[in-house]
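# Coordinate analysis (summary)
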Amino acid sequence: MAWYTADVTYTTDRDKLAAVRPAHRDYLRGLVDQGIVVAAGPWADDLGGFVVYQVEDRAQLDKVLAEDPYSTEGVAAKRDVREWDIRMGSWLPQ
């Protein structure tokens, strides 16, 4: 399994963001249930958000990102994705 983070910058269209947010959150809840999303939420200024993913590989992550309503509806203006080499924390198996 691989860990990835996605730092998302939202579109400046606040109406579009508000309209798509419920579908995006429903999508992420499904990924939480599958163990793919470990943590997610908007930055305090609500100009973007951050998500931690655990997936098989980058190909799976790319598929997950492509199906996100923030992608399909053009809310994610930018995403900085990085593979994360976690060494400590409660997310790791004991």
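Only a predicted model underlies this, so the values are computations on that prediction, with no experimental measurement involved.

Moving on, we get to the UniProt feature "domain: YCII-related" (unreviewed entry) in the protein. With numbering matched to this structure, UniProt assigns "domain: YCII-related" (unreviewed entry) to residues 15–84. As a span, residues 15–84 carries 47% helix and 33% strand, and end to end its C-alpha atoms are 33 Å apart.

With that settled, the discussion passes to helix α2 (residues 58–67). For α2, every residue scored as buried is listed here: L61, V64 and L65. Buried residues in α2, looked at end-on, bunch into an arc of 95°, giving them a common side. Turned more than 90 degrees away from the buried face of α2 sit A59 and K63, all of them exposed. Its buried side turned inward, α2 meets β1 (2–10), α1 (14–33), β3 (48–55), α3 (69–72) and β4 (76–84). Put simply, D57 is the residue that caps the front of α2, since its side-chain oxygen is 3.2 Å from the backbone nitrogen of A59.

Turning our eyes to something else, we now look at the pattern of salt bridges. With the rule as written, the count across this model stands at 8 salt bridges. As a salt-bridge pair, D46 and R21 come within 2.6 Å of each other at their nearest N and O atoms. You can see D46 sitting in the loop between β2 (37–42) and β3 and its partner R21 sitting in helix α1, a full 25 residues away along the chain. Three or more residues are tied together by salt bridges with common partners; here these are R14, R21 and D46.

So, how was this worked out
Residues numbered from 1 in each chain as written. Predicted model: local features only at pLDDT ≥ 70, side-chain atom pairs only at ≥ 80, totals over all residues. Heavy atoms only, no water. UniProt positions renumbered as here; feature names shortened; annotations may be inferred. Helix = DSSP H or I, 4+ residues; strand = E, 2+ residues; numbered from the N terminus. Buried < 20%, exposed > 50% of the residue type's maximum accessible area, 1.4 Å probe, protein only. Arc of directions from axis to C-beta. Contact = heavy atoms within 4.5 Å. Polar contact = N/O pair within 3.5 Å; in protein donor to acceptor, adjacent residues only side chain to side chain. Salt bridge = Lys/Arg side-chain N within 4 Å of Asp/Glu carboxyl O.

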